[in-house]
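In case you want the letters, here they are:
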Amino acid sequence: MAIHTPSPAIAAWHHRWKVIRDVVSGEYQIKAMGEDYLPRFRANQTSEEYERFKKTTPWFPATARTAQGRRGLMFAKNVVLDAPILEPIANVLTKRGHNWRSIAEQIVYETFQTNFTGLLVDHPPRPDGIELNAENAILEGFRPFLNVYSAECILEATRGLVRNQQLFTKVRLRENDDCELELALENGVYVQRRHDRSGRISETIPMRNGKPLTEIPFEMVSDNREDTPQPSVLEDMARLNLNHYVAQGRLNALQVFGSGLVPILKGIEPEKRIVDGEEVTVMPELNFGPGGYLLLPNPDSDFGFLEPEGKMASELRASVKDLEDKMAKVGARMLAPEAVAPEAEMIVAMRNAAEDSVTGSLAQTYAARISRALARMAWWMTPGDAAFVGDEAVMTLNTDYNMRGMSAQERQVAATEVQSGLRSWQDYFEERKTRGVVISSLTAEEERARIEADNVDRPTTETL
């Protein structure tokens, strides 16, 4: 297999990923693909008619809205990076200048679409002619960087049993259009090779404290542990979104056709005309409208209109509504309209708990994979020869999706419980923080200090 060719197992997914990316990109990308996503509603439809048809067919951004909503839940609060040694580089984790939070959001959004995102921790070699120390190493760029690879840039990712662990033994990545990166574990040593399109190969053995690495510092962010791609959380939603688009197109075509009147004429004779020097027989052109008149040629002529009945409109509207309901279910109710009738509290609670558990599970899985890559960066910056463990850095994403706040009545009841000794002030504060009444980064001690400062500054009754 050529070094720049993806493995067959990965190449088979490229089209599926493109469809999802197009759907997430939105209306402009979908409509630019033309008949790939919106077929002509009749075989003899002209290109001009099709362009008008496509332009007037609405696109509903359900998939993008779902992805943005889920990412928003994961990053709404309680997002923490516990890695003190990474503080000097936390705001510039990548060579493009992303901080740890922005790159985490990018990784999560990317993984929503493909479920196959690669993270490579790379450390530049020690520069020649510069004496490095703990103070200037970071300034001189001698520090680890995080590189993110989209699914299409991962050409191969093979795991094997190494020291009783499932580790990557060979990885091929597309750096750019002119270069592929080969990562291999050979005789227990990590080797990195760069292949350019001219056939030139440069080989490097990355070192830490003068010793070669014994693992490929590559992590795969997905919701599984498979070597090959698996369906993403957005794939079913994207398919439903495209079906909805086609159904909207059919309804749009019916509305355009059904809203027009078809003229019916009787007794109109064809005319003879000279076209390109030859006599031809054609039907006369009749241009008429409000304020005009039509002169019929003989007493037997007649004129009228055929009004389409549009019997299929209700069925097409029902089909569109059914697809919207399905998208709402697949999209964790983020797209669901307000309920017309009240639902039982237990049913709502059970549904919300199930949907939150899915998003929460993804948040935990994604955070664990990203944490392991960040742990490799922390390990690389840690002095000494300690072996890599995997807990050198821990990033957590939000898994508490109770965003409804507290009503005035709930606050009054809670405050009464504190005053009567039925609950502690700490417990009351934590509930207010969980429910989004106070900012998630605020601690109980900081809140007490703010209250005490307000009490000192508050004017007395006599002053008032």
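Residues numbered from 1 in each chain as written. Predicted model: local features only at pLDDT ≥ 70, side-chain atom pairs only at ≥ 80, totals over all residues. Heavy atoms only, no water.

Enquirer: Whenever I open this one, the overall build of the protein confuses me. Can you help?
Expert: Within the protein, the regular secondary structure consists of 12 helices and 16 strands. A burial count over the protein gives 38% of its 464 residues as buried. Sequence-distant contacts in the protein: of pairs separated by 6 or more residues, those separated by 24 or more amount to 65%. Total accessible area on the protein stands at roughly 27,000 Å², and carbon and sulfur atoms take up 52% of it. (Helix = DSSP H or I, 4+ residues; strand = E, 2+ residues; numbered from the N terminus. Buried < 20%, exposed > 50% of the residue type's maximum accessible area, 1.4 Å probe, protein only. Contact = heavy atoms within 4.5 Å. Areas by Shrake-Rupley, 256 points an atom, 1.4 Å probe, with all protein chains shown as cover.)

Enquirer: Even after reading the chapter, I still don't get helix α6 (residues 100–114), so can you show me in this structure?
Expert: For the α-helix, the turn length of 3.6 residues means that residues three or four positions removed from each other point alike. Helix length check: α6, at 15 residues, gives a terminal C-alpha distance of 21 Å against a target of 21 Å (1.5 Å per residue), a fit within 8%. Counting buried residues along α6, 11 of its 15 residues qualify, which places the element largely inside the surrounding structure. Within α6, the full set of buried residues consists of Trp-100, Ile-103, Ala-104, Ile-107, Val-108, Tyr-109, Glu-110, Thr-111, Phe-112, Gln-113 and Thr-114. If you check the start of α6, you find a side-chain oxygen 3.1 Å away from the backbone N of Arg-101, and it comes from Asn-99. Of the residues trailing α6, Asn-115 is marked for its positive phi of about 60°. (Expected span 1.5 Å × (residues − 1). Polar contact = N/O pair within 3.5 Å; in protein donor to acceptor, adjacent residues only side chain to side chain.)

Enquirer: I would appreciate a short explanation of helix α2 (residues 14–25) in the present structure.
Expert: Along its 12 residues, α2 runs 16 Å from first to last C-alpha, staying within 8% of the 16 Å computed at 1.5 Å per residue. Within the span of α2, buried status applies to Trp-17, Val-19, Ile-20, Arg-21, Asp-22, Val-23 and Val-24. Within two residues after α2, Gly-26 carries a phi angle of roughly 110°, on the positive side.

Enquirer: Before we go on, may I ask you to explain the packing of α2 against α6 in this structure?
Expert: The description of two helices packed together rests on the angle between their axes and the distance between the axes. Contact geometry of α2 with α6 gives a least axis separation of 9 Å together with a crossing angle of 125°. If you check the angle between α2 and α6, you find them oblique. Residues Trp-17, Ile-20, Arg-21 and Val-24 of α2 form the contact with α6, whose participating residues are Tyr-109, Glu-110, Gln-113 and Thr-114. In the contact of α2 with α6, the residues fall into 4 nonpolar, 2 polar and 2 charged. (Axes fitted to C-alpha atoms, helices over the stretch in contact; angles between N-to-C directions. Parallel < 35°, antiparallel > 145°, perpendicular 65-115°, else oblique. Nonpolar A, V, L, I, M, F, W, Y, C, P; charged D, E, K, R; others polar.)

Enquirer: Sorry if this is basic, but what is going on with the sheet that holds strand β3 (residues 145–149) here?
Expert: The pairing of strands in a sheet comes from backbone hydrogen bonds and takes either a parallel or an antiparallel form. On the basis of which strands lie adjacent, the open sheet formed by 3 strands has the order β3-β2-β11 and antiparallel pairing. Whereas interior strands pair on both sides, the edge strands pair on one side only; in this sheet they are β3 and β11 (218–221). Averaged over neighbouring strand pairs, the angle between their axes works out to 25° when direction is ignored. Judged from the 5 bridges that link them, strand β2 (residues 117–122) and β3 form a sheet pairing that is antiparallel. (Pairing = 2+ DSSP bridges.)

Enquirer: Hey, could you run me through the pattern of salt bridges in this one?
Expert: Side-chain pairing between opposite charges can occur once the charged atoms of the two side chains come close. Taken as a whole and assessed by the stated rule, the structure comprises 28 salt bridges. Salt-bridge contacts for Glu-110 lead to Arg-21; the nearest nitrogen and oxygen are separated by 2.3 Å. Of this pair, Glu-110 sits in helix α6 while Arg-21 sits in helix α2, and the two are 89 residues apart along the sequence. The two residues Glu-110 and Arg-21 agree in class, both being buried. In this structure, Arg-172 engages Glu-156 in a salt bridge whose closest nitrogen and oxygen atoms are separated by 2.8 Å. (Salt bridge = Lys/Arg side-chain N within 4 Å of Asp/Glu carboxyl O.)

Enquirer: Is there a simple way to think about unusual backbone geometry in this case?
Expert: Glycine aside, residues mostly have negative phi, and peptide bonds are mostly found in the trans state. Residues other than glycine seldom take positive phi values, yet Asn-115 does so here, at roughly 60°. Along the chain, the position of Asn-115 falls in the loop between α6 and β2. For Asn-115, a relative accessible area of 2% puts it in the buried group. Of note, the phi angle at Asn-164 is positive, near 65°, even though the residue is not glycine.

Enquirer: How should I be thinking about the packing of aromatic side chains in this particular structure?
Expert: By convention here, two paired aromatic rings are described through the distance between centres and the angle between planes. Applying the stated criterion to the full structure yields 9 aromatic pairs. Aromatic pair Trp-13 and Trp-17: ring centres 6.5 Å apart, planes at 35°, arrangement tilted. Of the two residues, Trp-13 and Trp-17, both sit in the buried class. In this structure an aromatic cluster arises from ring pairing among Trp-13, Trp-17 and Phe-116. Taking the ring centre of Trp-13 as reference, the NZ or CZ of Arg-16 above it sits at 3.9 Å. (Phe/Tyr/Trp six-rings, centres within 6.5 Å; stacked < 30°, edge-to-face > 60°. Lys NZ or Arg CZ within 6 Å of the ring centre and 35° of its normal.)

Enquirer: Help me out: how do you make sense of the side chain of Arg-172 in this one?
Expert: Following the sequence through the fold, Arg-172 ends up in strand β5 (residues 165–176). Looking at Arg-172, the relative accessible area reads 3%, which means it is buried. A polar side-chain atom of Arg-172 sits 2.8 Å from a polar atom in the side chain of Glu-156.

Enquirer: Hey, could you run me through the nonpolar core in this one?
Expert: Most often, soluble globular proteins keep nonpolar side chains buried together rather than apart. Within the largest apolar cluster, 77 residues are counted, with the highest numbers of intra-cluster contacts made by Met-74, Ile-154, Leu-173, Phe-218, Leu-374, Met-395 and Leu-397. By residue number, the principal contributor to this core is helix α9 (residues 345–381), which donates 12 residues. With near-sequence residues (within four places) excluded, Leu-397 lies in contact with Met-74, Phe-75, Asn-78, Val-79, Val-108, Ala-363 and Ala-367. (Core = buried A, V, L, I, M, F, W, Y, C linked by side-chain atoms within 4.5 Å.)

Enquirer: Hey, could you run me through the confidence of the model for the protein in this one?
Expert: Looking at the protein as a whole, the pLDDT averages 84, with 84% of positions reaching at least 70. Predicted confidence for residues 332–343 stays below pLDDT 50, and this span has 20 contacts to residues more than four positions away or in other chains. (pLDDT = per-residue confidence, 0-100.)

Enquirer: Help me understand the environment of Thr-281, please; the structure alone is not making it clear to me.
Expert: Considering the arrangement of structural elements, one finds Thr-281 in strand β14 (residues 278–282). Note: C-alpha distance between Thr-281 and Glu-269 (12 residues apart in sequence) is 9.9 Å. Once you skip the residues sitting within four places of it in the chain, Thr-281 turns out to touch Pro-270, Glu-271 and Lys-272.

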